[in-house]
Amino acid sequence: MSLQDFFDSTWGQIATVAVIVILFATILWTGRGKKADAKALAVSALLVALAIILNQIVFFKMPQGGSVTAFSMVPIVLCAYFFGVRRGLMAGMCVGLLNLIFSPYVIHPVQLLLDYPLAFGALALGGFLASGKYGLVKSYVVGVLCRYICAVLSGVIFFGAYAPEGFSALTWSLWYNITYLAAEGIISAIILATPPVRKLFMNLKSQLDNN
């Protein structure tokens, strides 16, 4: 049985769900003993669900994978912004694994990691820059860049054969992946930087930190 067949199968989906449950348990137990644990779990679950819903709203789909969606990367970045990189990373990996259930395309274990849990988990890495007036915008830009790196690596290693004439595997992967990630990323960053939106999320972060 190939990896694609496994993740298309019921057992493959059950295994993926089991990993997602473990990741959510990790979100709950991270920093165990703090009052915010249950709230962090509940808000993280809502953000994961929102990311999946927004990911289904596709404005433009690339012919070899990748698409411009309705701000589907924002909820993962928000999770890291609100609760820290570790919890954001777990939430992002959950989103990646849920996408694996809905639309699996697997040719190699490393490609699976790069295109699903690592790619979406990487969006949380910008959470290290969450402080300050434009902390969310900085977190988002760095998170999208980290996801872009995962996409480029996957493209170079596993999809270089699709590079058209005149492109190397690296140059094609760099160009191909930036077309859809930059389009969604720039629009989202502009919206997040507007004063009403920025202040809204700063206030929410402050309330979550204080409760």
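Residues numbered from 1 in each chain as written. Predicted model: local features only at pLDDT ≥ 70, side-chain atom pairs only at ≥ 80, totals over all residues. Heavy atoms only, no water.

## Overview of the overall build of the protein chain
Stated precisely, the cut-off is as follows: Put simply, DSSP H or I for four residues or longer makes a helix, DSSP E for two residues or longer makes a strand, and each gets a number counted from the N terminus. Between the two quantities, the radius of gyration covers C-alpha atoms and the globule rule is 2.2 Å times the number of residues to the power 0.38.
Each helix and strand in the protein chain was counted, giving 10 helices and two strands. Moving toward the C terminus, one meets the helices and strands of the protein chain in the order α-α-α-β-β-α-α-α-α-α-α-α. For the protein chain, whose C-alpha radius of gyration is 17 Å, the value lies close to the compact-globule estimate of 17 Å for 211 residues. Seen through its C-alpha atoms, the protein chain measures out along the principal axes to roughly 55 × 40 × 25 Å.

## Remarks on the pairing of strand E1 (residues 58-61)
For clarity, the cut-off: Whether two strands pair comes down to DSSP finding at least two bridges between them.
Where E1 lies against strand E2 (residues 67-69), three bridges are found, and the strand directions are antiparallel. Looking at the pairing, Lys 61 lines up with Ser 67 of E2. Hairpin connection of E1 to E2: five residues between the antiparallel strands, including Gly 65 at a positive phi of 105°.

## Brief notes about the state of the cysteines
One way to say it: the disulfide is the covalent bond shared by the sulfur atoms of two cysteines. Formally: Criterion for a disulfide: a pair of cysteine sulfur atoms within 2.5 Å. Relative accessibility thresholds used throughout: buried, under 20% of the residue-type maximum; exposed, over 50%; partly exposed, between the two (1.4 Å probe, protein chains only).
One pass over the full model with this rule turns up zero disulfides. This cysteine, Cys 150, is not joined by any disulfide, and Cys 146 carries the nearest cysteine sulfur, 7.5 Å off. Looking at Cys 150, the relative accessible area reads 11%, which means it is buried.

## Quick word on the side chain of Gln 4
To be explicit about the condition: Polar contacts, as used here, are pairs of N or O atoms within 3.5 Å; protein pairs need one atom able to donate a hydrogen and one able to accept it. Residues neighboring in sequence count only if both atoms are side-chain atoms.
Structurally, the position occupied by Gln 4 is in helix H1 (residues 3-8). Gln 4 sits in the buried class, given a relative accessible area of 19%. Here the side chain of Gln 4 touches Pro 104 through a polar contact of 2.9 Å, landing on its backbone oxygen.

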